[in-house]
Amino acid sequence: MRATFLPFHVPDVGDEEIRSVVETIRSGWLTSGPQVKTFEEEFAKSIGARYAIAVNSGTAALHLALDAVEIKDGDEVLVPTMTFAATAEVVHYLKARPVLVDCRADTFNIAPDQIEKAITPKTRAIIPVHFGGQPCEMDRILEIAGTHHLKVVEDAAHVLPARYRGKFVGTIGDITCFSFYVTKPITTGEGGMISTENEGYADRMRMMSLHGISRDPWRRHTAEGSWYYEILHPGYKYNLTDIAAAIGIQQLKKCDRFWQVRQRYANLYSLGFRDLPEVTVPHVSEEVQHSWHLYVIQLDLQRLRITRSEFIELLKKENIGTSVHFIPLHLHPFYRQTYGYRPEDFPTATRIFERTISLHLYPKMTETDVRDVIETVRRIVAQYRR
Ligand SMILES: Cc1ncc(COP(=O)(O)O)c(C=O)c1O
């Protein structure tokens, strides 16, 4: 057993970020300013996107994206049930209805054949979530969207860097939303980024991210700025601070290294479990470059004498703190009560939820930590196999 508790996540933030934050604070410019501008430019360059807009969360990014594609009262937006609260709650912000869609059994990504079944005359958009950092089947999704005149807003909260058929996620759908929450591939503590190739969307999102005001407000306070501004729409307060962007700029430089470590650890896990019929390791599609934000195993409960929850408790007793991604939305009280969803309406997600465990996967952990997790999972399987 491990001598110390292995947390599910620890961010890798080093001296470069600390120096950058201190310099920013000393500069006297704390809110959105030159650091945000640099972060946006560097981010856009890193994925080859035309526009990138920094915001203060991935949730804010999704909200602004749906506003930009003009989701409104009475519209329906297709959302995978296998996701976090944010993906669907933003649909409610705009008084539209999230229509949940089941996932694929192998990648846990939204199932394209289920998307087609969920489309009605009110459907306006799809939000594919790249589960765990593995891109969805974007060609099929774009084809369905084209046929039915739907917008595609990608939830890339788990992504950086990922590619689908050679193209970077962030340059594929109409708008893509990233998260820099502390557990994500790169972090600013809290933060997000929106990318798009569409100038009209970019202008709208930038304006709405700061009160719907007609010009970059931070320019008002510079030597070449003017005091005058106009409110064009009632917007939001979603801008990223320069302090957070200072962290983001440094994290972005480390993004590839972080990804390589996560990839190496994912391979170690898959090798470590390859002879265990009780454990199914993640399936990776040949069309993608996976970000490896999450490493999710599936337990074959027929072969074990314990449930997934008991498995997690046993891991915890061994100082291994795991997690579950996700409790599908249709199982939560709000979605059950508001829309009458039942577990059997989304059989794949319901089944997957009962048997998955997310294992640790972050660059701050060591190879010994990875081996500890493998050993402990193997020991519990050996002890409780039927
Ligand atoms: C799939 C998914 N979408 C959106 C979000 C929201 O991101 P944020 O926490 O930055 O608002 C999360 C994050 O935690 C997420 O996992």
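Quick note: structure is the one above.
All residue numbers refer to position in the chain's written sequence, counted from 1. Given that the model is predicted, a residue must reach a pLDDT of at least 70 before its local features are reported, and side-chain atom pairs must reach 80 or more before they are shown or counted; all residues, however, enter totals for whole chains, interfaces and linings. Side-chain measures here rest on the full set of heavy atoms in the structure, leaving out hydrogens and waters.

Among all positions in helix α10 (residues 308-317), only Arg-308, Phe-311, Ile-312, Leu-314 and Leu-315 are buried. Down the axis of α10, the buried set is contained in an arc of 160°. They therefore lie on one face. Buried residues belonging to α10 abut β12 (295-299), α12 (347-353), β13 (356-359) and α13 (367-384). Count one or two residues on from α10 and you reach Asn-319, which has phi positive near 70°. Burial classes: relative accessible area under 20% of the type maximum marks a residue as buried, over 50% as exposed, and values in between as partly exposed (1.4 Å probe, protein chains only). In this text, helices come from DSSP runs of H or I with a minimum length of four residues, and strands from runs of E with a minimum of two, each type numbered from the N-terminal end. What the arc covers is the set of directions going from the helix axis to the C-beta atoms. By definition, residues are in contact when any of their heavy atoms lie within 4.5 Å.

Attention now goes to the sheet that holds strand β11 (residues 288-289). Pairing in this open sheet of 3 strands is antiparallel, and the strands run β7-β6-β11 from one edge to the other. Because the sheet does not close on itself, it has two edges, and the strands there are β7 (167-168) and β11. In terms of strand pairing, strand β6 (residues 163-164) meets β11 through 2 bridges, oriented antiparallel. When the bridges of β11 are listed, Tyr-164 appears paired with Val-288. Here, strands pair whenever DSSP counts at least two bridges between them.

This next bit is on the packing of helix α3 (residues 58-68) against helix α4 (residues 85-93). In the contact formed by α3 and α4, the axes pass within 9 Å of each other and the chain directions differ by 45°. Between α3 and α4, the crossing angle belongs to the class labelled oblique. The element α3 and its partner α4 pack so that their crossing is right-handed. From α3, Thr-59, Leu-62, His-63 and Leu-66 reach across to α4, where they touch Ala-86, Thr-87, Glu-89, Val-90, Val-91 and Tyr-93. Gly counts as polar in this scheme, as do all residues outside two lists: the nonpolar Ala, Val, Leu, Ile, Met, Phe, Trp, Tyr, Cys and Pro, and the charged Asp, Glu, Lys and Arg. Of the residues in the contact of α3 with α4, the class split is 6 nonpolar, 3 polar and 1 charged. Angles shown run from 0 to 180 degrees and are taken between the N-to-C directions of axes, each axis being a line fitted to C-alpha atoms and, for helices, limited to the stretch in contact. Angles below 35 degrees are treated as roughly parallel, those above 145 as roughly antiparallel, those between 65 and 115 as roughly perpendicular, and all remaining angles as oblique. Note on convention: near helix rotated counterclockwise from far helix by under a right angle means a left-handed crossing. Clockwise means right-handed.

Moving on to the pairing of strand β9 (residues 192-196). With respect to burial, β9 is a largely interior element, 5 of its 5 residues being buried. Here β9 shows no split at all, with Gly-192, Ile-194 and Thr-196 on one side and Met-193 and Ser-195 on the other all buried. Relative to β9, strand β1 (residues 51-55) runs antiparallel, the two being bridged by 5 bridges. Directly across from Ala-54, in β9, lies its bridge partner Met-193. Here strand β8 (residues 175-179) pairs with β9 via 5 bridges, running antiparallel. Within β9, the residue paired with Thr-176 across the bridge is Ser-195.

Read from one edge to the other, the open sheet built from 3 strands follows the order β10-β12-β13, with strand pairing classed as antiparallel. Where the open sheet ends on each side, the last strands, each with one partner, are β10 (279-280) and β13. The pairing of β12 with β13 spans 4 bridges and is antiparallel. By the bridge assignment, Ile-297 is partnered in β13 with Ile-357.

With that settled, the discussion passes to the environment of Gly-191. For Gly-191, the position within the fold is in the loop between β8 and β9. The class for Gly-191 is buried, based on a relative accessible area of 2%. For Gly-191 and Phe-178, which are 13 residues apart along the polypeptide, the C-alpha to C-alpha distance reads 8.6 Å. Leaving out residues up to four positions away in the same chain, Gly-191 has contacts with Val-55, Asn-56, Ser-57, Gly-58, Phe-178, Ser-179, Phe-180, Tyr-181 and Leu-240.

The subject of this paragraph is the packing of α10 against α13. Relative orientation of the contacting elements α10 and α13 amounts to 125°, with a least axis distance of 10 Å. With respect to their mutual orientation, α10 and α13 come out oblique. Considering only the axes of α10 and α13, their crossing is right-handed. Every residue of α13 that contacts α10 at Phe-311, Leu-314 and Leu-315 is listed here: Thr-376, Val-377, Ile-380, Val-381 and Tyr-384. Broken down by class, the residue content of the contact of α10 with α13 amounts to 7 nonpolar, 1 polar and no charged.

The criterion for an aromatic pair is that two Phe, Tyr or Trp rings (for Trp, the six-membered ring) have centres within 6.5 Å, with stacked assigned to planes under 30 degrees apart, edge-to-face to planes over 60 apart and tilted to the rest. Scanning the entire structure with this criterion turns up 15 aromatic pairs. Judged by centre distance (5.3 Å) and plane angle (75°), the rings of Phe-108 and Phe-131 are edge-to-face. With a gap of 23 residues between them, Phe-108 in the loop between β3 (97-101) and α5 (112-118) and Phe-131 in the loop between β4 (123-126) and α6 (138-148) connect regions that are remote in the sequence. Taking the centre distance of 5.5 Å and the plane angle of 90° together, the rings of Trp-227 and Tyr-228 count as edge-to-face. The rings of Phe-334, Tyr-335, Tyr-339, Tyr-341 and Phe-346 are connected pair by pair, giving a single aromatic cluster. Here, a charge over a ring means that NZ of Lys or CZ of Arg falls within 6 Å of the ring centre while also lying within 35 degrees of the ring normal. Cation over ring: Arg-163 sits above Phe-168, and NZ or CZ is 4.1 Å from the ring centre. Its guanidinium or amino end placed over the ring of Phe-353, Arg-308 lies 4.8 Å from that ring's centre, counting from NZ or CZ.

Formed by 46 residues in total, the largest nonpolar core has its most connected members in Ile-175 and Met-205. For this core, the secondary-structure elements that each account for two or more residues are β1, α3, β2 (76-80), α4, β8, α7 (199-208), α11 (333-339) and α12. For this core, the element with the highest residue contribution is α3, accounting for 7 residues. Each residue touching Met-205, except ones within four places of it in the same chain, is listed here: Ile-53, Leu-64, Ala-65, Ala-68, Ile-175, Ile-194 and Thr-196. To form a nonpolar core, buried Ala, Val, Leu, Ile, Met, Phe, Trp, Tyr and Cys residues must be joined to one another through side-chain atoms within 4.5 Å. Among the nonpolar cores identified, the runner-up in size contains 43 residues, and Val-36, Ala-49, Ala-118 and Ile-119 belong to it.

Functional significance is not addressed by these values, which are geometric in nature.
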